[in-house]
Amino acid sequence: MSFTLAIVGRPNVGKSTLFNRLVGRKLALVDDQPGVTRDLREGDARLFDLRFTVIDTAGLEEVTDDSLQGRMRRLTERAVEMADICLFLIDGRMGVTPTDEVFADILRKKSARVILGVNKAEGAAGDGGAIEAWSLGLGEPVRMSAEHGEGMDDLYRLLRPLV
Ligand code: GDP
Ligand code: MG
């Protein structure tokens, strides 16, 4: 069965890095400087035996703090509407931020099927973030490292029953 997975979350948590890993090539730009990727990007993804469409949400990076919330909300809502399942990423090294909480609210209200990913959690990094992530009320957080390919088996384990 084919489905669409949207990767959402605030700038710089590693959405595009994960998108690239899932599609197996560099379609989305990744950069240390926020501001590189734009809007919504689609690709054909593979995770073990699952084949699906993945959406990378970007385009939030250029706005000022004042307009971030509105723009983020609209873009995220658009992605949620296009998607069957949302993968909400946070940065496990930074832990839960107020902006993450805004995203969690949006996702809970939209009652989409949501997987909570705690990224940048290679090695022991992200241990604290993974514990904090339970407070978002989105169920079991999946620890992962988009950059190093860790946690893809756990992502699969949570994704499979939702498909
Ligand atoms: P986006 O703004 O959410 O799309 O984030 P990007 O994918 O552009 O990544 C932002 C920064 O985080 C880049 O410097 C990435 O190399 C870095 N990054 C992404 N995933 C990981 C990860 O799993 N571990 C670490 N340590 N850094 C990561
Ligand atoms: Mg990006």
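Note that the structure is a prediction, hence the values are computed from the model and not measured.

1. A look at the packing of aromatic side chains
Evaluation of the coordinates by the stated rule reveals 3 aromatic pairs. Where F3 meets F52, the ring centres are 4.8 Å apart and the plane angle is 15°; that geometry is what we call stacked. Pair noted here: F3 is in the segment before β1 (4–8) and F52 is in strand β3 (residues 50–57), with a separation of 49 residues, a long-range link. Using a relative accessible area of 5% as the deciding quantity, one classes F52 as buried.

2. Notes on the pattern of salt bridges
Between side chains of opposite charge, a pair can form as their charged atoms come close. All told, the structure shown has 8 salt bridges when counted by the stated rule. We note a salt bridge from R143 to D127, for which the minimum N-O separation is 2.2 Å. Of this pair, R143 sits in strand β6 (residues 141–143) while D127 is found in helix α4 (residues 127–133), placing the two residues 16 residues apart along the sequence. Among the residues examined, D127 registers a relative accessible area of 36% and is labelled partly exposed. As a salt-bridge pair, R157 and E140 come within 3.1 Å of each other at their nearest N and O atoms. Taken together, the residues span a long stretch of sequence, with R157 in helix α5 (residues 152–159) and E140 in the loop between α4 and β6 at a distance of 17 residues. One salt-bridge network, held together by shared partners, links E140, D154 and R157.

3. Points about helix α1 (residues 15–23)
Burial of α1 is extensive: 8 of the 9 residues sit out of reach of the surface. All buried positions along α1 are accounted for by K15, S16, T17, L18, F19, N20, L22 and V23. Positive phi appears at G24, one or two residues downstream of α1, with a value of about 75°.

4. Description of the sheet that holds strand β4 (residues 85–91)
The strands that make up a sheet pair up through hydrogen bonds in the backbone, lying either parallel or antiparallel. Spatial strand order, β2-β3-β1-β4-β5-β6: 6 strands in an open sheet with mixed pairing. Among the strands making up the open sheet, the edge pair consists of β2 (40–47) and β6. On average, each strand axis in the sheet is tilted by 30° relative to the strand beside it, whichever way the strands run. With 3 bridges connecting them, strand β5 (residues 113–119) and β6 associate as parallel partners. For L116, the partnering residue across the bridge sits in β6 and is P141. The strands touched by α1 are β1, β2, β3 and β4; relative to β2, the strand with the most contacts, the crossing angle is about 45°. Here α5 sits on the sheet in contact with β1, β2, β3, β4, β5 and β6, set at roughly 95° to β2.

Cut-off values and rules
- Residues numbered from 1 in each chain as written.
- Chains lettered and ligands numbered in written order.
- Predicted model: local features only at pLDDT ≥ 70, side-chain atom pairs only at ≥ 80, totals over all residues.
- Heavy atoms only, no water.
- Phe/Tyr/Trp six-rings, centres within 6.5 Å; stacked < 30°, edge-to-face > 60°.
- Helix = DSSP H or I, 4+ residues; strand = E, 2+ residues; numbered from the N terminus.
- Buried < 20%, exposed > 50% of the residue type's maximum accessible area, 1.4 Å probe, protein only.
- Salt bridge = Lys/Arg side-chain N within 4 Å of Asp/Glu carboxyl O.
- Pairing = 2+ DSSP bridges.
- Axes fitted to C-alpha atoms, helices over the stretch in contact; angles between N-to-C directions.
- Contact = heavy atoms within 4.5 Å.

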